[in-house]
Every structure is written in C-alpha cells, then in structure tokens.
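Coordinate inspection notes
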Amino acid sequence: MAKYTAIVLSAGKGSRMGSSVHKQYLLLCGRPVIYYTLKAFEESPVDEIVLVTGEGEEEYCRKEIVEKYKLHKVTKIVKGGKERYHSVFQGLSACEHTDYVLIHDGARPFIEQEVIRHTMDEVQKKHACIAAVPVKDTIKKVDENGKVEDTPPRKSLYMVQTPQAFSYSLIYDSYQKMIADGREDVTDDAMVVEAYGKVPVYVIDGSYRNFKITTPEDLEMAEFMLNAGNPGKGVCS
Ligand SMILES: Nc1ccn([C@@H]2O[C@H](COP(=O)(O)OP(=O)(O)OP(=O)(O)O)[C@@H](O)[C@H]2O)c(=O)n1
Ligand SMILES: C[C@](O)(CO)[C@H](O)COP(=O)(O)O
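Here the structure is a predicted model, which is why all the values come from computation and not from measurement.

What counts as what
Residues numbered from 1 in each chain as written. Chains lettered and ligands numbered in written order. Predicted model: local features only at pLDDT ≥ 70, side-chain atom pairs only at ≥ 80, totals over all residues. Heavy atoms only, no water. Near = heavy atom within 4 Å. Polar contact = N/O pair within 3.5 Å; in protein donor to acceptor, adjacent residues only side chain to side chain. Areas by Shrake-Rupley, 256 points an atom, 1.4 Å probe, with all protein chains shown as cover. UniProt positions renumbered as here; feature names shortened; annotations may be inferred. Helix = DSSP H or I, 4+ residues; strand = E, 2+ residues; numbered from the N terminus. Buried < 20%, exposed > 50% of the residue type's maximum accessible area, 1.4 Å probe, protein only. Contact = heavy atoms within 4.5 Å. Pairing = 2+ DSSP bridges. Axes fitted to C-alpha atoms, helices over the stretch in contact; angles between N-to-C directions. Core = buried A, V, L, I, M, F, W, Y, C linked by side-chain atoms within 4.5 Å. Nonpolar A, V, L, I, M, F, W, Y, C, P; charged D, E, K, R; others polar.

1. With respect to the site of ligand 1
Around ligand 1, 19 residues are found, and the nearest of them are G14, S15, K23, S87 and K212. In this structure, S15 approaches ligand 1 through a side-chain N or O atom, which is 2.5 Å from an oxygen atom. In this structure, an oxygen atom belonging to ligand 1 sits 3.2 Å away from a main-chain N or O atom of A107. Coverage of ligand 1 by the protein chains reaches 89% of its 560 Å² of free accessible surface.

Put into structure tokens, the structure is as follows:
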C-alpha cells in the first residue's frame, strides 16, 4: 500500500490580511482557520499530516489545535521558514518513508474530500498533479503604467490551487536542486518540478470553493460560506 503524507503550511505571516494575528489563526465561527484545513485532511484517506508552523507557534498548535481537536493524523509539527518554499522544504525534510506528498496551504480551509481523493488517485498515475480551476474572467497583461499589453486566450488559463501532489522523491530532489541553484522566484511547488523535475505537471479539477484566505474580504466570504452550509444552526452567530 502506498503511503501518502499531507504537508500543511501554516508558517506565513499573512501580510496582505493586515492583522496582528497571523491569518491562519484568526477565528472562523469560533475556530482557527487552520483547524478546518487540518480537519479536512484528518478525515481524508491520507496516512499522516506534517504541520509546518511559524517560529514560536509550535506549542500553540500542538495544545490548542492538534490535541484540543484530536487530530490524530498530525504526527509532526515542524518550524517553517521565511518564504513559502522554505517552509515546504522543511516539511519535505520531515517526511519519513512516504511515497506521495500532498502540499496544501493552511489558508485554504474549504478543501473538499473529493478533491483530496482525486489528487491522491491521479498522483499515482502522473507523479505530479495540481488542483486548478479554469479562469472565469478575461485576463489582461498590463504594464507598470496600467496600459494593456496583451490578452492571452482564456481557454488555456487556470487558477492554480493546492493540494499540489507529487511522488516524494521527485519533489524532494527537485527542491534540493532549486535550493542549490539559489532560485527565489517560485510561488508554487509545481514551478519547482517544471524547472527541475523532468516530468510533466498536470492540472486536475480543483474547486472554486477552495479559495485561499488572503485579504479581509476572503475572511468575510469564509464566514458567509460556513453559515450558509449550516442554515439555522447559528454556527457563526
Ligand atoms: N514563509 C511561509 C509563507 C507562507 N506559508 C504558508 O503558505 C500558505 C500560502 O501563502 P500565503 O497565502 O501567501 O500566506 P502568507 O505568506 O502568510 O501571506 P502574505 O503573502 O499575505 O504575507 C499559507 O497557508 C501560509 O501560512 C508558510 O508556511 N511559510
Ligand atoms: C501555492 C498557491 O496557493 C497557488 O495558488 C500560491 O501560489 C501561493 O502564493 P502566495 O504568494 O504564497 O499567496
């Protein structure tokens, strides 16, 4: 049986949220954002979860989230780094004897079981696959003066999400090469495999609900979605 590890990233500072509390620890209907994300993986078929937190946040996560909510699949809590890719590498380095990893933003609490399961199935066949959804709006390339330069054809454009899933040796080796190269411009994990992995990366069906909580209006939307999913129960009231 193949072993799957989810690496859940929770070491960001949430600068675009502009809150003194890092956004993954802000409360949504009384529980931290990261609780919902971890709960989704706890309830999924993954075998274990590596949680990557910010410096000084490990104990809070252990006591107030993992133990409090009985998240038994969280087997390791490790310290992340300055940039997202540093945190991912810390998570990868903490994995033991795993076949596949699903790297997921802690700030995407609405990840659905169907997407996790689909990602797990597809990575066995493709080795590198990422959840994504087609863009709905027309996209413009714009210069620094606001002048439109180009309108790329929409049918080939996708908004990329997480989970991003890979064979473990493929993603670990690719990350090692990238770090040795001193590259700093990567904003997702697929970019690392695209540059160093020598295998194609495939998009698979993500979900428009699986948005990343980035700015205050995303938090409002998240509260709205939780309430809408529990009509009459006053979950968020
Ligand atoms: N050094 C970092 C930066 C980000 N992340 C995590 O990566 C995910 C996606 O990153 P993003 O939304 O950009 O989070 P932040 O970096 O916290 O936000 P911002 O860019 O607004 O500062 C988040 O779950 C975040 O906690 C991380 O683990 N380590
Ligand atoms: C990985 C990611 O969530 C895919 O959309 C995104 O690239 C993270 O970027 P951010 O700059 O850390 O928000």
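Further notes follow.
2. A few points about the UniProt feature "site: Transition state stabilizer" (unreviewed entry) in the chain
According to UniProt, the positions carrying the feature "site: Transition state stabilizer" (unreviewed entry) are R16 and K23. Position of R16 relative to the elements: it lies in the loop between strand 1 (4-10) and strand 2 (27-28). The class of R16 is exposed, set by a relative accessible area of 59%. Aside from chain neighbours lying at most four places away, what touches R16 is K212, T214, T215 and P216. Relative to the helices and strands, K23 resides in the loop between strand 1 and strand 2. Here K23 falls in the buried class, since its relative accessible area comes to 12%. Once residues within four sequence positions are removed from consideration, K23 is found in contact with G14, M17, V33, A107, K212, I213 and T214.

3. Focus: the sheet that holds strand 1
Sheet architecture is open: seven strands sit in the order 5-4-1-6-10-7-11, paired in mixed fashion. Both outer strands of the open sheet, strand 5 (74-79) and strand 11 (202-205), are each paired with one neighbouring strand and no more. Across the sheet, the mean angle separating the axes of adjacent strands is 30° when strand polarity is ignored. Pairing geometry for strand 1 and strand 4 (residues 48-53), over six bridges, is parallel. Residue pairing in the sheet places T5 in a bridge with E48 of strand 4.

4. Observations regarding the nonpolar core
Residues L38, F41, V46 and L51 are the most contacted members of the largest nonpolar core, which totals 42 residues. Of all the elements, helix 1 (residues 33-42) adds the most residues to this core, at seven residues. Those residues within four positions of L38 in sequence are excluded, and the remaining contacts are V8, I49, L51, I65, L71 and V74. C95, I130, F166 and V186 belong to the second-largest nonpolar core, a separate cluster that totals 27 residues.

5. Here we look at the site of ligand 2
The immediate surroundings of ligand 2 are formed by R16, R84, D105, R108, V160, T162, T187, D188 and K212. Between ligand 2 and the protein, one listed contact pairs an oxygen atom with a backbone N or O atom of V160 at 2.6 Å. The side chain of K212 places a nitrogen or oxygen atom 2.6 Å from an oxygen atom of ligand 2. Burial of ligand 2 by the protein chains amounts to 73% of its free accessible area of 360 Å². Looking at the shell around ligand 2 residue by residue, the class counts come to one nonpolar, two polar and six charged.

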